[in-house]
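# Results of the structural survey
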Amino acid sequence: MISLIIGNKGSGKTKHLIDEVNKALASSNGHVVCVEKMMKLTYEIKPQVRLINADEFLVSGYDMYYGFLAGLCSRDADITDILCDGTLRIGGRDPEDLANFLEKVDKLSKITGVKFTFTISEDESEVPERVFEFCEKI
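The present account deals with the structure reproduced in this document. Fair warning: this is a prediction, and the values are worked out from it, not measured in the lab. (Residues numbered from 1 in each chain as written. Predicted model: local features only at pLDDT ≥ 70, side-chain atom pairs only at ≥ 80, totals over all residues. Heavy atoms only, no water.)

This part covers the side chain of glutamate 20. Of note, glutamate 20 is situated in helix H1 (residues 13-27). Separated by 3.1 Å, the side chains of glutamate 20 and lysine 23 make a polar contact. (Helix = DSSP H or I, 4+ residues; strand = E, 2+ residues; numbered from the N terminus. Polar contact = N/O pair within 3.5 Å; in protein donor to acceptor, adjacent residues only side chain to side chain.)

Let's shift gears to the packing of aromatic side chains. By the definition in use, this model includes six aromatic pairs. Between tyrosine 62 and phenylalanine 101, the ring centres sit 5.0 Å apart and the planes meet at 35°, which makes this aromatic pair tilted. In this pair, tyrosine 62 sits in helix H2 (residues 62-75) while phenylalanine 101 sits in helix H4 (residues 95-112), placing the two residues 39 residues apart along the sequence. A relative accessible area of 2% places phenylalanine 101 in the buried class. Between phenylalanine 116 and phenylalanine 118, the aromatic rings sit 6.2 Å apart at their centres with planes inclined by 5°, giving stacked as the arrangement. Here phenylalanine 116 matches phenylalanine 118 in class, with each residue buried. Ring-pair connections join several aromatic residues into one group, and the members of that group are Tyr62, Tyr65, Phe101, Phe116 and Phe118. (Phe/Tyr/Trp six-rings, centres within 6.5 Å; stacked < 30°, edge-to-face > 60°. Buried < 20%, exposed > 50% of the residue type's maximum accessible area, 1.4 Å probe, protein only.)

Counting residues in hydrophobic clusters, the biggest one holds 33 residues, and the most contacted among them are Val35, Tyr65, Leu69, Ile82, Leu102, Phe116 and Phe118. Of all the secondary-structure elements, those providing two or more residues to this core are strand S1 (2-7), strand S2 (31-36), H2, strand S4 (79-84), helix H3 (87-91), H4 and strand S5 (115-121). The residues touching tyrosine 65, leaving out its near neighbours within four places in the chain, are Val35, Val59, Cys84, Thr87, Ile90, Gly91, Phe101 and Phe118. Core analysis: the next-biggest nonpolar cluster, separate from the first, contains twelve residues, Ala24, Cys34, Ile45 and Val49 among them. (Core = buried A, V, L, I, M, F, W, Y, C linked by side-chain atoms within 4.5 Å. Contact = heavy atoms within 4.5 Å.)

So, about H1. The first and last C-alpha atoms of H1 sit 21 Å apart over 15 residues, in line with the 21 Å expected at 1.5 Å per residue. Regarding H1, the residues found buried are Lys13, Leu17, Ile18, Glu20, Val21 and Ala24. Taken around the axis of H1, the buried residues stretch over an arc of 160°, which confines them to a single face. Opposite the packed face of H1, turned more than 90 degrees from it, sit the exposed residues Lys15, Lys23 and Ala26. Against the buried residues of H1 lie S1, S2, S4 and S5. (Expected span 1.5 Å × (residues − 1). Arc of directions from axis to C-beta.)

From the geometry alone we can't say anything about function, so treat these as descriptive.
Shown next, in the form of structure tokens:
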């Protein structure tokens, strides 16, 4: 399952993501992971959540981003939730590349049972319609 938090810059996406992280932590019987572009959430996220700075691992572009997420899932079978902030800053701004990435992550989610949540800093009208066939907006 993939959830999307969509909105323009300054619309409260990161705060919403933090709320989702805390909800996931409260309901998870496993591990919760939060991936971000820069270490902005260090003091906002509870220490039980694995906070990962994608920049430390030189993650850029959607192919590398997908491989990184798949690697997390393959390394730790106890992950229940992966929540990601700054999706377009990590992967890129091309809408079709975003849609292809999310489609692959949807397949990864079905294989692993991991629930993914991504923030998308964009107007909803700019997100390809086909994304909503396999993603839900929250």
